[in-house]
Amino acid sequence: MNSELTQWTGPEGLPRFDLIADDDFAPAFDRELAAAEAAHEAIAGNPAPATFDNTIAAMETAEQGLNRLLSVFYTLAGVDSNPARQALQRDFAPRLAAYGSKTSMDPRLFARVKQVAEGMDALPPQDRRITELALRDMTRAGAGLTGEARERMAQIRSRMAVLTTEFTQNVLTDERDFVLPVSEDQQKGLPDWLLRAMRAAATERNRSGLVMTLNRSLIVPFLEHAEDRALREVMFKAWTARGTGNGAGGEDSNNLPVAAEILALRHERAQLLGYADFAEYKLAPEMAGKADNVEALLGQVWQAAVARAREDEEKLTAMLHEDGVNGPLEAWDWRFYAQRLRQREHDFDASQVKPYLGLEAMLGAVFDVAKRLYDLDFTAIEAPLWAPDVRAWRVTRAGRLMAIFVGDYFARPGKRSGAWCSSLQKQHKIGAGQRAIVVNVCNFTPPEQPGAPAFLSWDDARTLFHEFGHATHHILSDVDWPSISGTSVAQDFVELPSQLYEHWLEQPEVLDRHARHFQTGEALPADLRDRLIAVGNADAGFATTEYLESALVDLAFHRGTPPRDIMARQGEVLESLGAPAAIPMRHASPHFAHVFAGDSYASGYYSYMWSEVMDADAFAAFEESGNIFDPATARRLEETILSRGGSAPAEELWLAFRERMPGVDALLKGRGLA
């Protein structure tokens, strides 16, 4: 076995990715899975009475080697997929599901956990918390089931592992295989920076000229600027065809039957555990508690959002007709005319801002905010990572190591779309303890030539801040056990740190310091800065509506009997909402990876808005202090939320910081909908 997969020897304890080959994973997986099974068997079969140390604490380290191996593998599978890694994913998924079923449903282990839980009130708070969570999670996994129900639960989990892997790979195939050459006469309206990005995309794929791909950092600005309406339609339909069977991968990438089966199996699993449907099961441990509470929140925001969207739709349709197009505003028209409307009403052209939003400048802003809030310092380190443009930093506070931070910022063929934060290693205090190795992944458009400056859109810059907000949850984590470390919190609480961090991007003093022209070093002119901030909510009706459509469809899928035809159900929900035809869901169901690539956001996509209610109120705490970098408020945020991971229920952590529950008013005001 290649020992580098579990015993990392790179700088600062990073894996040596240059020493790892795809052929190394299968034998390492066999060995580490067997080791984890043996460790769990030793715990479950221990003849001594169950104690916290020999049961709960032992469970925290039982999968250490397997977790290290899988963190390397799934990092690579997400950022640099290839046929060999996809085949390994298909092999690993059902085996991991079988292992998970065996351990989480082991009646001997369940009995020991229950025995420890009977006396957990005498345990220290964090020990009590992980005992409570172990009992809850095993119960929700089906450990209390017997006979046929128990066997069926194991079958469902195994099948789900196959289906969610298939869903992810189908979307990736459609994204990877789509490339559309763009001729010179189709380029009218496209800014120079976008043309350079399209040329770079062609070069990366060994093509000449300019091409469009399904990278969001290309698609969105293309739809905003391309004057060729027919080509906008082609690109929009290609973007929304992912996973439908009509995408670049053809029928082999059809996710519709995959998603329908996932929904049916989730429903069956929930009912085996005594819940009416999957939404009831999923929301039971979340802050929201039940689906009615979610619908109440989303409904309040929906009314304001769709009213604004209808107002904007009238304006955009009038502009469409001014251009001689006699017909309704279509989905591929909205961003184009919204961009023109911003120019008309705010005298704002996004291309004027682009030279001031270099990746290096915005990284400087991200790190400076972390320094001013949490006294964190970032020192670049050289390390052999998975691609030449991936970077790493040592994060310290007053000389003390806090974490290792890795950033992978550019789109590449084989990289999963979107942006995310993950960890190669979690912080904990077992033995000598360890600090987190946290990874931010984005899909920004790379520079045309290696070494040339890379530029971000305003949306890209927001994404950069968002994902680093997640990273702070890992970097500042200060708990005893890995199972409650970092972002191991309720799903509708996990987005609070990320969305809160976005607020600092919009602050004039941050932009004045860091948004500087890549050639001259001059600051972003104050009037342009103010227009940039003001225009942030110019299309809030559209942005909020497309998000809410996705959240409400997700919830509807998981309430009651699951649909056989997911597209028909999606259409019914949107029609019942009175959703504008020109604003489709942000993530249509066949490529809705949040919901169908795993259970984390299933019946939980609402959590972004649930957290936004809190992040708006949390930032208000800084504003109320009179200093957006107020040390006392930042320290209280770290001590009550960021350092504590999942060591207490989310509502308890929130109340410790803010001393009251938030309302929706700050969110509506922040989005410009109030």
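What counts, and where the lines are drawn
Every chain is numbered on its own, with residues counted from 1 as its sequence reads. Under the rules for a predicted model, residues below a pLDDT of 70 receive no local features and side-chain atom pairs below 80 are neither given nor counted, while totals for whole chains, interfaces and linings still include all residues. The basis for every side-chain value is the complete set of non-hydrogen atoms in the structure, without hydrogens or water. Pairs of strands are assigned from DSSP output, requiring at least two bridges between the strands. Put simply, DSSP marks the helices as runs of H or I at least four residues long and the strands as runs of E at least two long, and each gets a number from the N terminus on. The convention used is that axes are lines fitted to C-alpha atoms, helices contributing only their stretch in contact, and that angles between N-to-C directions extend from 0 to 180 degrees. The rule is simple: take the accessible area with a 1.4 Å probe, protein chains only, and divide by the maximum for that residue type; under 20% is buried, over 50% is exposed, in between is partly exposed. For this analysis, residues touch if any pair of their heavy atoms sits within 4.5 Å. Pairs of cysteine sulfur atoms within 2.5 Å are identified as disulfides in what follows. Every angle not falling under 35 degrees, over 145, or within 65 to 115 is termed oblique; those three ranges are roughly parallel, roughly antiparallel and roughly perpendicular. Helix crossings get a hand from a simple test, with the near helix turned counterclockwise from the far one by less than a right angle marking a left-handed crossing and a clockwise turn marking a right-handed one. Throughout this entry, Asp, Glu, Lys and Arg are counted as charged residues, while Ala, Val, Leu, Ile, Met, Phe, Trp, Tyr, Cys and Pro are counted as nonpolar. The remaining residues, Gly among them, count as polar. Here a Phe, Tyr or Trp ring, Trp counted by its six-membered ring, pairs with any other such ring whose centre lies within 6.5 Å, and the pair is stacked when the planes are under 30 degrees apart, edge-to-face when over 60, and tilted otherwise. Polar contact is defined as a pair of N or O atoms within 3.5 Å, subject to the rule that within protein one atom must be able to donate a hydrogen and the other to accept it, and that residues adjacent in sequence are counted only when both atoms are side-chain atoms. Here the expected span of a helix is defined as 1.5 Å times the quantity of residues minus one. Salt bridge, as used here, is a side-chain nitrogen of Lys or Arg placed within 4 Å of a carboxyl oxygen of Asp or Glu. In these notes, a set of buried Ala, Val, Leu, Ile, Met, Phe, Trp, Tyr and Cys residues joined through side-chain atoms within 4.5 Å is what counts as a nonpolar core.

Visitor: I'm lost on the sheet that holds strand E3 (residues 377-381) in this one. Help?
Guide: With respect to topology, five strands assemble into an open sheet ordered E3-E4-E5-E7-E6, the strand pairing being mixed. Every other strand in the sheet has two partners, leaving E3 and strand E6 (420-425) as the edge strands with one partner each. Strand-to-strand, the axes of this sheet are offset by a mean angle of 30 degrees, without reference to chain direction. Bridging between E6 and strand E7 (residues 436-444) involves five bridges; their strand directions are antiparallel. When the sheet's bridge partners are listed, Gln-425 is paired in E7 with Ile-437.

Visitor: Before we go on, may I ask you to explain the pairing of strand E4 (residues 391-397) in this structure?
Guide: If a strand is regular, its side chains alternate between the two faces of the sheet. As judged from the five bridges shared by E3 and E4, these two strands associate in the antiparallel manner. Paired with Thr-379 across the strands is Arg-394, a residue of E4. Where E4 meets strand E5 (residues 400-410), seven bridges bridge the pair, whose relative direction is antiparallel. By the bridge assignment, Val-395 is partnered in E5 with Ala-403. Counting the residues between successive antiparallel strands, the hairpin from E4 to E5 contains two residues, one of them, Ala-398, with a positive phi of roughly 50 degrees.

Visitor: Just checking my understanding: could you explain unusual backbone geometry for this structure?
Guide: Trans peptide bonds make up the majority, and among non-glycine residues the majority have a negative phi. A positive phi angle is found at Asp-347, which is not glycine, with a value near 50 degrees. Looking at the secondary structure, you find Asp-347 in the loop between helix H14 (331-346) and helix H15 (350-353). A positive phi is found at Glu-659, a non-glycine position, where the angle reads about 65 degrees. Inspection of the secondary structure assignment puts Glu-659 in the loop between helix H26 (650-658) and helix H27 (665-670).

Visitor: How should I be thinking about helix H2 (residues 52-61) in this particular structure?
Guide: Those residues of H2 not exposed but buried are Phe-52, Asn-54, Thr-55, Ile-56, Ala-57 and Glu-60. Elements in contact with the buried residues of H2: helix H1 (25-44), helix H5 (107-118) and helix H6 (125-141).

Visitor: Looking at this structure, how should I read the state of the cysteines?
Guide: What the rule picks out here adds up to zero disulfides. No disulfide involves Cys-421; its sulfur sits 9.7 Å from the nearest other cysteine sulfur, which is in Cys-442.

Visitor: So what exactly am I meant to see when it comes to the environment of Leu-555 here?
Guide: Among the secondary structure elements, Leu-555 is positioned in helix H21 (residues 540-557). When the C-alpha atoms of Leu-555 and Gly-604 are compared, they prove to be 7.4 Å apart, with 49 residues separating the residues in sequence. Discounting residues that sit within four places of it in the chain, Leu-555 has contacts with Leu-283, Ala-291, Val-294, Glu-295 and Ser-603.

Visitor: Before we go on, may I ask you to explain the packing of helix H17 (residues 458-475) against helix H18 (residues 496-505) in this structure?
Guide: Two quantities define a packed helix pair, namely the angle between the helix axes and the distance between the axes. Across the interface, H17 lies against H18 with an axial gap of 7 Å and an inter-helix angle of 130 degrees. By the criterion of interaxial angle, the relationship of H17 to H18 is oblique. At the point where H17 passes H18, the crossing takes the right-handed sense. Seen from H17, the contacting residues are Trp-458, Ala-461, Arg-462, Phe-465, His-466, Phe-468, Gly-469, His-470, Thr-472 and His-473; seen from H18, they are Pro-497, Ser-498, Gln-499, Tyr-501, Glu-502, Trp-504 and Leu-505. Its residues assigned to classes, the contact of H17 with H18 shows eight nonpolar, seven polar and two charged.

Visitor: Mind showing me how you'd approach the packing of helix H10 (residues 229-240) against H14 here?
Guide: It is at 8 Å that the axes of H10 and H14 come closest, and there the two elements cross at 120 degrees. Put simply, H10 runs oblique to H14. Seen along the crossing, H10 lies across H14 with a hand that is right-handed. Contact residues: H10 offers Arg-229, Arg-232, Glu-233, Phe-236 and Lys-237, while H14 offers Ala-331, Trp-332, Asp-333, Phe-336 and Tyr-337. Here the residues of the contact of H10 with H14 are counted per class, giving five nonpolar, no polar and five charged.

Visitor: What should I look at first to understand the packing of aromatic side chains in this one?
Guide: Ring pairs (aromatic) are described by centroid distance and by the angle formed between their planes. Evaluation of the coordinates by the stated rule reveals 35 aromatic pairs. Taken together, a centroid distance of 6.2 Å and an interplanar angle of 85 degrees make the contact between Phe-367 and Phe-405 edge-to-face. Of the two residues, Phe-367 sits in helix H16 (residues 359-374) while Phe-405 sits in strand E5, which places them 38 residues apart along the sequence. Comparing Phe-367 with Phe-405 shows no difference in burial state: the two are buried.

Visitor: What exactly am I supposed to notice about the side chain of Gln-169 here?
Guide: Position of Gln-169 among the secondary structure elements: in helix H7 (residues 147-177). According to the relative accessible area criterion, Gln-169 is buried, its value standing at 8%. Among the polar contacts listed, one links the side chain of Gln-169 to the side chain of Gln-89, at a separation of 3.2 Å. Not counting residues up to four positions away in its chain, the partners in contact with Gln-169 are Gln-86, Gln-89 and Arg-90.

Visitor: How should H6 be read in this particular structure?
Guide: Given 3.6 residues per turn, any residue in an α-helix points the same way as the ones three and four places further on. Its 17 residues place the ends of H6 24 Å apart at the C-alpha level, agreeing with the 24 Å of an ideal helix rising 1.5 Å per residue. Within H6, burial applies to Gln-126, Asp-127, Arg-129, Ile-130, Thr-131, Leu-133, Ala-134, Met-138, Arg-140 and Ala-141. Taken together, the buried residues of H6 touch H2, helix H4 (83-104), H5, H7 and helix H12 (278-283). One or two steps after H6, the chain reaches Gly-142, where phi turns positive at roughly 105 degrees.

Visitor: Sorry, what's going on with the pattern of salt bridges here?
Guide: Pairing is possible between side chains of opposite charge, provided their charged atoms come close. All chains considered together, the criterion is met by 53 salt bridges. Between Glu-12 and Arg-394 there is a salt bridge whose closest N-O contact spans 3.2 Å. You can see Glu-12 sitting in the segment before H1 and its partner Arg-394 sitting in strand E4, a full 382 residues away along the chain. For Arg-394, a relative accessible area of 26% corresponds to the partly exposed category. Taken together, the shared-partner salt bridges connect Asp-368, Arg-372, Glu-509 and Arg-513 into one network.

Visitor: Honestly, the nonpolar core in this entry has me stumped. Any pointers?
Guide: A general trend in soluble globular proteins is that nonpolar side chains are found buried together. Membership of the largest hydrophobic core comes to 119 residues, with the highest contact counts inside it found for Phe-468, Ile-475, Phe-493 and Trp-504. Here the element with the most residues in this core is H16; it accounts for eleven residues. In this view, Trp-504 contacts Val-369, Leu-373, Phe-465, Val-510, Phe-619, Phe-622, Ile-628 and Phe-629; residues no more than four positions away in its chain are not counted. Counting 35 residues, the second-largest nonpolar core is a separate cluster that includes Ala-28, Phe-92, Tyr-99 and Val-441.

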